[in-house]
Each structure stands twice: as structure tokens, then as C-alpha cells.
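# Examination of the molecular architecture
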There are 2 protein chains.
Amino acid sequence: MRPLPRSRLQAQKATLPGTVPEGTRRRILEEALRLFASQGFHGTSIRDVAKKLELQPSALYAHFSSKEHILAELVQVGHEAHQEALRAALRDAGTEPAAQVRALVRAHTVMHAAHPQLAVVVNEEIHALPPELSAPAMALRDQSVALLTEVIRRGVEQGRFSPPHEAATGAAISAMGTRLPYWYEPSGALDLDTLANIHAELALRMLGAR
Amino acid sequence: MRPLPRSRLQAQKATLPGTVPEGTRRRILEEALRLFASQGFHGTSIRDVAKKLELQPSALYAHFSSKEHILAELVQVGHEAHQEALRAALRDAGTEPAAQVRALVRAHTVMHAAHPQLAVVVNEEIHALPPELSAPAMALRDQSVALLTEVIRRGVEQGRFSPPHEAATGAAISAMGTRLPYWYEPSGALDLDTLANIHAELALRMLGAR
DNA sequence: GTCTATATAGGGATAGAC
DNA sequence: GTCTATCCCTATATAGAC
């Protein structure tokens, strides 16, 4: 339950959602993901990435035009996979606000627990990008936030939810997932499906669902 | 409610808890805090800090033996102030678990909202330190975590709390505060005292307090 | 698409004068 | 305690051969 110093999430293999095609380009993304999550974007050099892949630094430039573009792609892929997971969850959740919250929270939690490095890089290193490169991901983020706030708003309107404050409660619900990479260990005693259910339950408690 | 790219928390003045004496050393810490929060530790150079202070880079070395030692002091000061705030809150909270949770959560929230840059640097940049330099702060962190988990455990023992899972609920409660710097704006419509009460209420809901 | 070699810039930190 | 000057290293990125 404590983040380790200097070696933040140096985990096993850095998993990338399946949408990225195989090949050297993917290998670069995976290795960069691992290193960015562990040492941060500015703490990782092109040489570090190249060395791990047993390539010369210049070889990376055949696949990405700059170090920033590698980060930008990771950030974009992460936001896309996250939003797709939320939308898929909503599609199967019916129309009850409580069921929709449960589905959104479960998907949010599973995403952050299954791809902890990607979650960390997306959330902490996006700031290292110039606005042009981060804008598409920021737009996706706004949409994803809206998915939850909209469900909360509808639940309140229907008299099903009674949170002490809609925005603050929404932020608290999101925060449970966002902080997961800093303490949750998938190989530990608490399995992911159980954790996802716990988070859904906590969200509904915060909302005063009835 | 969205973190801005490239300029993470470039806020006004970076506030440091009052325990640090005035003088050039403090000015260095404050400016480094602002820059580390905005650009990250690795994204900030000694030259950046010196330029903002209208000093030559070499002048900083009369006050700190390395760039890492500047970060280490910020991290230590942040952890000390946080823990002291939690302990002070507990001292005035009586013996009821619910009142103790309320006091801890309120203090945690106020600390993160009042010192957002320090919170971000403490949580995100501690990983940039070698273990020798981060160890004292990590020890404090473990103690602070224990303050909350201990209160939760007692509340459960006494039959006052019924969380779905003690550790996960404790993490969810902490996460509300930890994520504050990324969305809360002190100058906005939601004042800090109200927010602290909201977080306390959410914590007690999660715990099923009765 | 990968290599060798290198251009060009900026990094942390120190020496020694005042 | 701050300055000027500088050492030495590493960074990103490019040129051109294969």
C-alpha cells in the first residue's frame, strides 16, 4: 500500500490495450510505457528506450518523429481504450441509474487495475506534452467525465441519488480508480472482480442510492 | 475539472507550511516547489530555478548540496506538515470512531486543498529520489496511513462501521484528498470548509457509519 | 529500417575570486 | 553567499551509408 521510491511501477511487462498492431513500433510503445511509468517522461531518455530494445537511438526515429510523439500516442491510446470500456459498459447496463453507475465504476476500476502503467502515464505525464499533442486526449477525457456526471445528474433528478454534492461526489468516485495503480496489487489477496464490486458499492453508498 | 497540459498547477505563489525559516533557502524551496509542481522534477533544471530567483546557478549550491536535496526537503516538509495536521485533528476529536474519521478526513482535505503544489510534488516526484533520501518521508507516510486504518479497524470492531472492505475503503477515502489538486479550485464556488465537510460525509457513507 | 557518426544544445556541479 | 567561468556529461535529433 505504499508507492515505492525511484521505481514507480517497474512492473513485469507493460500491457497495452490490444488495438496497437504488432511490430517494432509496438515494441517501442511498450518499452517506453514501462520506462515512462517507472521514471517519468523527462526522467527517461531515448537512449534508455533504445538500449532496452537493443536498438540504436536513431532507429527509433524511423517510427516516431520525436520522443514527445511516443508519449502522445500512449496518452491517446490510453484515453481511447478507457472511453471505449466506459461506453461498452454503459451499453449493457440498462436504464437504471444505479446499474449504470455500477457498470461505469466497474469498467473504470478494471481499466486502471489491468493497465496500471498506462493509467499512470496518461494521468501524470500528459502535462509534458505541448497542447497540440495533448488536445485530442483532453477532449476524450472531458467526454468520459461527462458520462459519469450525466448519469449522476439523472439519478438525482429521478430522486434515486442524494449525494452531498454532485461534482465532488463524482470526483470522489473517479478518484477511487485513478489512485488504484499506487496501491493495488493484482497478484494479492484481493481479486480484480471483487475489487470492482467493492468500488461500485462504495460509489452507490456515496450517492445515497436507494 | 480538467488538469491542464504542460502547465500543471502553475499557480500563483507556491505555499509552504510555515515551519520553514525565511531567507534565501526558503525562497529556493518555494520557487523549486512551484517549478517541480508545474514541470516535474526532471523537467526542471537548476538553471530554471536560479533564473526565477535572479541568482546564478552556482549560488544555489551554498544552500543545497544537490538538486535532489531540494526535492528531498520539500518531500520531507510536506509529509511532516501533513502528519502533524492529522495528529492535531485527532487530538481534538474525542473517542468516537465517526468523529475521528470526520476529523482525519477534514484535515487531509484541507491540507491537500491549501497546499496543492506541495501535495503533487510529494506524491508524484518522491519517486525521483534515491531511497536514502526518501526513506524518512516514506516512514512518515506509513504512520499517517496507519492513523486512518487504525480508526477504521476500531470502528468495525465496535460495530459502528461496516465497510465492504477495510483496506479498499481506506484507500478510497484517502484518494478523495489526494486527487484534489487536480480539480479543486479554491477561488471557485465551493469553499474549502464545505468541501471538507462533504468529504467527511462521503467517508462516513462509505464506512456505513451508524 | 537499422547502422555509425555527429551536430548542437543543455544538464548538474565545481573552482576560485570577491 | 554570490559571482564568473568552466568541466564534463548526457540529451534530442539528424546525415548518410548499407
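For chain A, the name recorded in an unreviewed UniProt entry is TetR family transcriptional regulator, with Melittangium boletus DSM 14713 as its organism.

## Brief notes about the overall build of chain A
From N to C terminus, chain A includes eight helices and zero strands. Its helices and strands in sequence order give chain A the pattern α-α-α-α-α-α-α-α, from N to C terminus. In terms of overall dimensions, chain A is globule-like: its C-alpha atoms have a radius of gyration of 18 Å, near the 17 Å expected for 210 residues. Taken along its principal axes, the extent of the C-alpha atoms in chain A is 60 × 40 × 25 Å. Relative to its 210 residues, chain A shows a buried fraction of 53%.

## Section: the protein's contact with DNA strand C
The immediate surroundings of DNA strand C are formed by 15 residues, with Q56, S58 and H63 of chain A together with I46 and R47 of chain B found nearest. Across the atoms of DNA strand C situated within 4 Å of the protein, the share located in sugar and phosphate is 54%. H63 of chain A has a polar side-chain atom sitting 2.7 Å from a phosphate oxygen of DNA strand C. Here the surface near DNA strand C is built from residues that sort into five nonpolar, eight polar and two charged.

## So, the protein's contact with DNA strand D
Neighbouring residues of DNA strand D: 16 residues in total, closest I46 and R47 of chain A together with Q56, S58 and H63 of chain B. Backbone sugar and phosphate groups make up 55% of those atoms of DNA strand D lying within 4 Å of the protein. Here S58 of chain B contributes a side-chain N or O atom positioned 2.7 Å from a base oxygen of DNA strand D. Looking at the surface near DNA strand D residue by residue, the classes come out as five nonpolar, eight polar and three charged.

## Section: the interface of chain B and chain A
The partner chain A presents 46 residues to the 47 residues of chain B that form the contact. Summed over both partners, the interface of chain B with chain A buries about 4,000 Å², with 67% contributed by carbon and sulfur atoms. Taken together, the connections running from chain B to chain A amount to zero salt bridges. On the surface where chain B and chain A come into contact, there are four residue pairs in polar contact (both at pLDDT 80 or more). Counting residues per element, the ones that place at least two in the side of chain B that touches chain A are α5 (116-124), α6 (131-157), α7 (166-178) and α8 (192-207) of chain B. When residues of the side of chain B that touches chain A are assigned to their parent elements, the largest contribution, eight residues, is made by α7 of chain B.

## Overview of the packing of helix α4 (residues 97-114) of chain B against α5 of chain B
Residue and element names in this part refer to chain B. At a minimum axis separation of 5 Å, α4 and α5 run at an interaxial angle of 100°. With respect to α5, the axis of α4 lies roughly perpendicular. Seen from α4, the contacting residues are H112, A113 and A114; seen from α5, they are P116, A119 and N123. A per-class count over the contact of α4 with α5 returns four nonpolar, two polar and no charged.

## A closer look at the relation of the copies chain B and chain A
Here chain B sits on chain A after a turn of 180° about the axis and a move of 0.0 Å along it, with an RMSD of 0.0 Å. Such values leave the two copies arranged in the relation of a two-fold axis. Of the interface residues in chain B, 98% have counterparts in chain A that sit at the interface too, so the contact is made through matching surfaces.

## Some points on the UniProt feature "domain: HTH tetR-type" (unreviewed entry) in chain A
UniProt tags residues 22-82 of chain A as "domain: HTH tetR-type" (unreviewed entry). As annotated, residues 22-82 of chain A comprises 66% helix and 0% strand, and the C-alpha atoms at either end are separated by 20 Å.

## Details of the environment of R210 of chain B
Residue and element names in this part refer to chain B. Relative to the helices and strands, R210 is located in the segment after α8. Sequence spacing of R210 and G159 is 51 residues, and the spatial spacing of their C-alpha atoms is 8.7 Å. The contact partners of R210, leaving out residues within four places of it in the chain, are G159 and R160. A polar side-chain atom of R210 sits 3.0 Å from the main-chain carbonyl oxygen of G159.

## Some remarks on the confidence of the model for chain A
Considering every residue of chain A, the mean pLDDT works out to 95; 95% of them sit at 70 or more. This stretch, residues 1-5 of chain A, has a pLDDT under 50; its non-local contacts, to residues over four places away or in other chains, come to 17 contacts.

## Looking at the pattern of salt bridges
One pass over the full model with this rule turns up 18 salt bridges over all chains. In this structure, E84 of chain A engages R91 of chain A in a salt bridge whose closest nitrogen and oxygen atoms are separated by 3.0 Å. Residue class for R91 of chain A comes out exposed when judged on its relative accessible area of 56%. For E201 of chain B, the salt bridge identified is with R205 of chain B, shortest N-O distance 2.8 Å. Here R205 of chain B and E201 of chain B lie together in helix α8, a separation of four residues that amounts to about one turn.

## Details of the packing of helix α1 (residues 24-39) of chain A against helix α5 (residues 116-124) of chain A
Residues and elements named next belong to chain A. Orientation of α1 relative to α5, taken along the N-to-C sense of each, is 65°, at an axis distance of 9 Å. Overall, the two elements α1 and α5 adopt an arrangement that is roughly perpendicular. Considering how the two elements wind past one another, α1 and α5 form a crossing that is left-handed. Contact residues: α1 offers L33, F36 and A37, while α5 offers Q117, L118, V120 and V121. Looking at the contact of α1 with α5 residue by residue, the classes come out as six nonpolar, one polar and no charged.

Quick notes on the rules
- Residues numbered from 1 in each chain as written.
- Chains lettered and ligands numbered in written order.
- Predicted model: local features only at pLDDT ≥ 70, side-chain atom pairs only at ≥ 80, totals over all residues.
- Heavy atoms only, no water.
- Helix = DSSP H or I, 4+ residues; strand = E, 2+ residues; numbered from the N terminus.
- Rg over C-alpha atoms; globule rule 2.2 N^0.38 Å.
- Buried < 20%, exposed > 50% of the residue type's maximum accessible area, 1.4 Å probe, protein only.
- Near = heavy atom within 4 Å.
- Polar contact = N/O pair within 3.5 Å; in protein donor to acceptor, adjacent residues only side chain to side chain.
- Nonpolar A, V, L, I, M, F, W, Y, C, P; charged D, E, K, R; others polar.
- Contact = heavy atoms within 4.5 Å.
- Buried area = accessible area lost by both parts, 1.4 Å probe.
- Salt bridge = Lys/Arg side-chain N within 4 Å of Asp/Glu carboxyl O.
- Axes fitted to C-alpha atoms, helices over the stretch in contact; angles between N-to-C directions.
- Parallel < 35°, antiparallel > 145°, perpendicular 65-115°, else oblique.
- Least-squares fit on C-alpha atoms with pLDDT ≥ 70 in both.
- UniProt positions renumbered as here; feature names shortened; annotations may be inferred.
- pLDDT = per-residue confidence, 0-100.
- Left-handed = near helix turned anticlockwise from the far one by under 90°.

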